[in-house]
Amino acid sequence: MSILITGGAGYIGSHTLVELSQFNYDFIVYDNLSNSSQESLKRVEKIIGKSITFINGDIRDSEKLKEVFSNYTIDSVIHFAGLKAVGQSVEQPLEYYDNNVVGTLRLLEVMKEFACKKIVFSSSATVYSEVDAKNYTPLTESNPVGGTTNPYGTSKYMIERILEDLYISDNSFKIAILRYFNPVGAHESGTIGEDPNGIPNNLMPFISQVAVGKREYLSVFGSDYDTHDGTGVRDYIHVVDLSIAHVKAIEYLGTDALASAIGETKVSLPKINPLIVNIGTGVGYSVLDVVKAFEKASGKEVLYRLVDRRAGDIAKCYANPSYAKEVLGWEATKTLEQMCEDSWRWQSNNPNGYNCDK
Ligand code: NAD
Ligand code: UD1
């Protein structure tokens with residue numbers, strides 16, 4: 001019995017493999033390497049001390065997926081695969097809906113055909129309505145969703161709805177939808193981490209690249225927000241904490257993959273299904289808070305300039321994470337200091353990410 005990890009070669013997927021392995025889960029990675037390289041899996045193999053079964057495939061390729069479900073006994077799926085760049089999604093909406101929405105449909109069809117009915121899905125805090133994020137932080141799971149402002153966010157919202165409708169049609173599906181806030185950081189070994197293509201859009205990889213000398217300065221998008229120092233506030237969550245939330249979600253759904261791995265029988269039924277849960281720390285930090293913490297962790301100066309607000313940004317966005325604690329027994333434990341230290345270790349050890357020729 002194995003867990004199929006779609007997108008397992010990517011940033012969050014690769015870290016989740018390490019945590020799954022620590023908890024004795026068997027897994028298979030399925031990824032088309034469109035935004036990752038197999039080098040991440042080689043490095044995970046070193047950390048966990050065993051080889052990984054990897055299938056180079058696209059989630060939109062039903063035949064290939066069927067082959068995988070025929071060749072392996074798949075108990076459940078953790079579904080990370082998808083495209084995630086907000087700006088790119090505005091320029092290429094059809095590619096985003098095809099990859100994320102159509103890809104998820106193909107995956108769910110094959111799962112249904114093979115009676116594999118447990119899925120953990122990577123959603124995002126971006127599904128919360130923008131207006132509500134402004135007015136009702138911290139965000140709880142009952143805050144209104146939809147009203148998304150870009151195809152990436154809309155694709156996540158659509159997939160959530162598809163999963164909910166799937167459950168209504170067949171309540172033997174067991175579904176956990178995790179709404180991530182802002183994942184940052186890296187494994188403490190400094191051997192795996194986030195490896196963005198080109199100029200990073202997100203704050204932490206940009207700061208890391210300034211600190212390592214790849215970029216001259218950080219543009220701080222907006223200094224006139226209604227926050228403690230005028231810069232945007234977000235809920236940054238360490239990728240290792242986030243990865244552990246996936247292990248908890250798999251446990252919650254009652255997987256047999258652990259049973260087969262450690263020779264025990266484990267039967268449990270999720271109390272709430274589909275489960276929709278925020279994965280954040282509940283603490284908001286501003287852009288300048290992160291800059292200061294990063295300077296301290298790295299011992300490097302991070303030059304910055306205050307510039308205009310970025311279109312589409314909001315002042316504050318952070319989670320109320322209490323539901324995750326209640327239902328999954330999960331809470332974040334890592335501090336902003338650790339997020340910065342681990343990001344810096346990864347960045348300084350791997351200035352060009354996984355690709356030495358970049
Ligand atoms: P990532 O790009 O590093 O990983 C995604 C992986 O999916 C990559 O390895 C890519 O090659 C693969 N992939 C993409 N399309 C595929 C397809 N059609 N078939 C097979 N594989 C495919 O991204 P990540 O940061 O690890 O994010 C993982 C998931 O979490 C994504 O669904 C993303 O939207 C979601 N998410 C990420 C963040 C974030 O800030 N990183 C926040 C919220 C939600
Ligand atoms: C972005 C995405 C969101 C996605 C999330 C995942 C947008 C509009 N939103 O959210 O859909 O789920 O990433 O991590 O892209 N900042 C700077 N300078 C920079 C980069 C960022 O000042 O060069 C600021 C931003 O204005 C924001 C904060 O840093 O206040 C965090 O930005 P970012 O890392 O891009 O995340 P989000 O905007 O929260």
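Up top is the structure these notes are about.
First, a word on scope: everything that follows refers to the structure included in this document. Quantities reported herein were computed from a predicted structural model and do not represent experimental measurements. (Residues numbered from 1 in each chain as written. Chains lettered and ligands numbered in written order. Predicted model: local features only at pLDDT ≥ 70, side-chain atom pairs only at ≥ 80, totals over all residues. Heavy atoms only, no water.)

What about the site of ligand 2?
Formally: Throughout, the term near means that a residue has one or more heavy atoms lying within 4 Å of the molecule or strand in question. Think of a polar contact as two N or O atoms within 3.5 Å of one another; within protein, one of them needs to be a possible hydrogen donor and the other a possible acceptor, and neighboring residues in sequence only count if both atoms come from side chains. With residues, only the protein chains shown are counted as cover, and all accessible areas are computed by Shrake-Rupley using a 1.4 Å probe. A run of H or I in DSSP becomes a helix once it reaches four residues, and a run of E becomes a strand once it reaches two; helices and strands are each numbered from the N terminus. The classification used treats Ala, Val, Leu, Ile, Met, Phe, Trp, Tyr, Cys and Pro as nonpolar, Asp, Glu, Lys and Arg as charged, and all other residues, Gly among them, as polar.
Around ligand 2, 18 residues are found, and the nearest of them are Leu 203, Ser 219, Arg 234, Arg 310 and Asp 313. In the environment of ligand 2, an oxygen atom lies 2.9 Å from a nitrogen or oxygen atom belonging to the side chain of Asn 182. Ser 219 places a polar main-chain atom, nitrogen or oxygen, 2.8 Å from a nitrogen atom of ligand 2. Protein chains shield 86% of the accessible area of ligand 2, which is 730 Å² for the free molecule. Contributing elements (two or more residues each) for the shell around ligand 2: strand E7 (182-184) and strand E8 (218-221). Grouping the amino acids of the shell around ligand 2 by side-chain chemistry returns eight nonpolar, seven polar and three charged.

Remarks on the pairing of strand E11 (residues 275-279)
Put simply, the test is: A 1.4 Å probe rolled over the protein chains alone gives each residue an accessible area, and that area as a share of the maximum for its type sets the label: buried under 20%, exposed over 50%, partly exposed in between. A strand pair is defined by DSSP finding two or more bridges across the two strands.
By the criterion of burial, E11 is predominantly enclosed, with five of the five residues buried. Of the two faces of E11, both are covered, the one formed by Leu 275, Val 277 and Ile 279 as well as the one formed by Ile 276 and Asn 278. Inspection of the sheet shows strand E6 (residues 174-180) paired to E11 by five bridges, in the parallel sense. Bridge assignment links Leu 178 to a residue of E11, and that residue is Val 277.

A short note on the site of ligand 1
Near ligand 1 lie 27 residues; those nearest to it are Asp 31, Asn 35, Ser 36, Phe 80 and Asn 99. Within the backbone of Gly 10, one N or O atom sits 3.3 Å away from an oxygen atom of ligand 1. In this structure, a nitrogen atom belonging to ligand 1 sits 2.7 Å away from a side-chain N or O atom of Asn 99. With the chains in place, 95% of the 820 Å² that ligand 1 exposes on its own is no longer accessible. If you list the elements that add at least two residues to the shell around ligand 1, you get helix H1 (11-22), strand E5 (118-124) and helix H7 (151-169). Residues of the shell around ligand 1, tallied by class, amount to ten nonpolar, twelve polar and five charged.

Digging into the nonpolar core
Applied cut-off: We call a set of buried Ala, Val, Leu, Ile, Met, Phe, Trp, Tyr and Cys residues a nonpolar core when their side-chain atoms join them within 4.5 Å. Contacts between residues were defined by any pair of non-hydrogen atoms, one from each residue, lying within 4.5 Å.
Judged by nonpolar contacts, the single largest core of 43 residues is most densely connected at Phe 27 and Ile 279. Counting only elements with at least two residues in this core, the list comes to strand E1 (2-6), H1, strand E2 (27-31), helix H2 (38-48), E6, helix H9 (239-253), E11 and helix H12 (322-328). Ranked by residue count, the leading element in this core is H9, at nine residues. In this view, Phe 27 contacts Ser 2, Ile 3, Ile 5, Leu 17, Leu 20, Ser 21, Ile 48 and Ile 52; residues no more than four positions away in its chain are not counted. Counting 26 residues, the second largest nonpolar core, distinct from the first, contains Val 101, Phe 121, Ile 159 and Leu 163.

With respect to the sheet that holds E2
Stated formally: A fitted line through C-alpha atoms serves as each axis, taken over the contacting stretch for helices, and the angle formed by two N-to-C directions is quoted from 0 to 180°.
If you trace the seven strands from one edge of the open sheet to the other, you get E3-E2-E1-E4-E5-E6-E11, paired in parallel fashion. Each edge of the open sheet is held by one strand with a lone partner, namely strand E3 (53-56) and E11. Here the average twist between neighbouring strands, direction ignored, is 20 degrees. As judged from the four bridges shared by E1 and E2, these two strands associate in the parallel manner. Bridge assignment links Thr 6 to a residue of E2, and that residue is Tyr 30. Sitting on the sheet, H1 touches E1, E2, strand E4 (74-79) and E6, and the angle it makes with E2 is about 175 degrees. Seen against the sheet, H7 touches E5, E6 and E11 and runs at an angle of roughly 150 degrees to E5.

Structural notes on the side chain of Thr 148
With respect to the element layout, Thr 148 can be found in the loop between helix H6 (130-135) and H7. A polar contact of 2.7 Å, which involves the side chain of Thr 148, links it to the side chain of Thr 154. The residues contacting Thr 148, other than those within four sequence positions of it, are Thr 126, Val 127, Gly 153, Thr 154 and Tyr 157.

Some thoughts on the side chain of Thr 16
On the secondary structure map, Thr 16 appears in helix H1. Within the structure, the side chain of Thr 16 is placed 2.9 Å from the backbone oxygen of Ile 12, a separation counted as a polar contact.

Overview of the pattern of salt bridges
Selection criterion: Salt bridges are counted wherever a side-chain nitrogen of Lys or Arg sits within 4 Å of a carboxyl oxygen of Asp or Glu.
Scanning all chains against the criterion turns up 15 salt bridges. In this structure, Lys 66 and Glu 113 form a salt bridge, with 3.7 Å as the shortest nitrogen-oxygen distance. Taken together, the residues span a long stretch of sequence, with Lys 66 in helix H3 (residues 62-71) and Glu 113 in helix H5 (residues 93-113) at a distance of 47 residues. For Asp 170, the salt bridge goes to Lys 117, with nearest N and O atoms at 2.7 Å. Highlighted residues: Asp 170 in the loop between H7 and E6 and Lys 117 in the loop between H5 and E5, separated in sequence by 53 residues. Overlapping salt bridges, with partners in common, bring together Asp 58, Arg 60 and Asp 98 in one network.

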